[in-house]
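# Per-entry structural report
Residues per chain, in single letters:
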Amino acid sequence: MIETIKEYTNGEVTIVWKPQLCIHAANCARGLPKVFQPKDKPWIKPEAASTQNIIDQVFKCPSGALTTYINAQKQ
């Protein structure tokens, strides 16, 4: 099986979504509904919240389908 990985960035942080791991607990949508909008495409809008709020919310993902990484500064 090929693993699907989607990435969404606000320039400072990138949200990584692995749909095969998602259990649809909806913690993300309840915690940051302006960022995580499952009925929309794209469903993740990282520009709608601060980087720290995104990191804090993604940390609460029970399945590990959502992770984040801080983008490297361009010199």
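Residues numbered from 1 in each chain as written. Predicted model: local features only at pLDDT ≥ 70, side-chain atom pairs only at ≥ 80, totals over all residues. Heavy atoms only, no water.

Turning to the nonpolar core, a few remarks are in order. Ile15, Val35, Phe36, Ile44, Ile54 and Leu66 are the most contacted members of the largest nonpolar core, which totals 17 residues. Only strand E2 (13–17), helix H1 (27–31) and helix H2 (51–58) provide two or more residues apiece to this core. Counting residues per element, this core draws most heavily on E2, which supplies three residues. Setting aside residues no more than four positions away along its own chain, Phe36 makes contact with Ile15, Cys28, Ala29, Trp43, Ile44, Gln57, Val58 and Leu66. (Core = buried A, V, L, I, M, F, W, Y, C linked by side-chain atoms within 4.5 Å. Buried < 20%, exposed > 50% of the residue type's maximum accessible area, 1.4 Å probe, protein only. Helix = DSSP H or I, 4+ residues; strand = E, 2+ residues; numbered from the N terminus. Contact = heavy atoms within 4.5 Å.)

This next bit is on the environment of Lys45. Structurally, Lys45 can be placed in the loop between H1 and H2. Residues Lys45 and Asp56, eleven residues apart in the sequence, show an inter-C-alpha distance of 15 Å. If we ignore the near neighbours within four places in the chain, the residues touching Lys45 are Lys34, Val35, Gln37 and Asp40. There is a polar contact of 3.4 Å between the side chain of Lys45 and the side chain of Gln37. (Polar contact = N/O pair within 3.5 Å; in protein donor to acceptor, adjacent residues only side chain to side chain.)

Counting buried positions along E2 yields five of five residues, so the element is predominantly enclosed. With burial as the criterion, each face of E2 is covered, one bearing Val13, Ile15 and Trp17 and the other bearing Thr14 and Val16. Sheet topology note: the strand E1 (residues 6–9)/E2 ladder contains four bridges and is antiparallel. Bridging from a neighbouring strand, Lys6 pairs with Trp17 of E2. Between E1 and the antiparallel strand that follows it, E2, lie three residues; Gly11 among them carries a positive phi value of about 100 degrees. Pairing of E2 with strand E3 (residues 66–70), which is carried by five bridges, proceeds in the antiparallel orientation. Residue pairing for E3: Ile15 is matched across the bridge by Thr68. (Pairing = 2+ DSSP bridges.)

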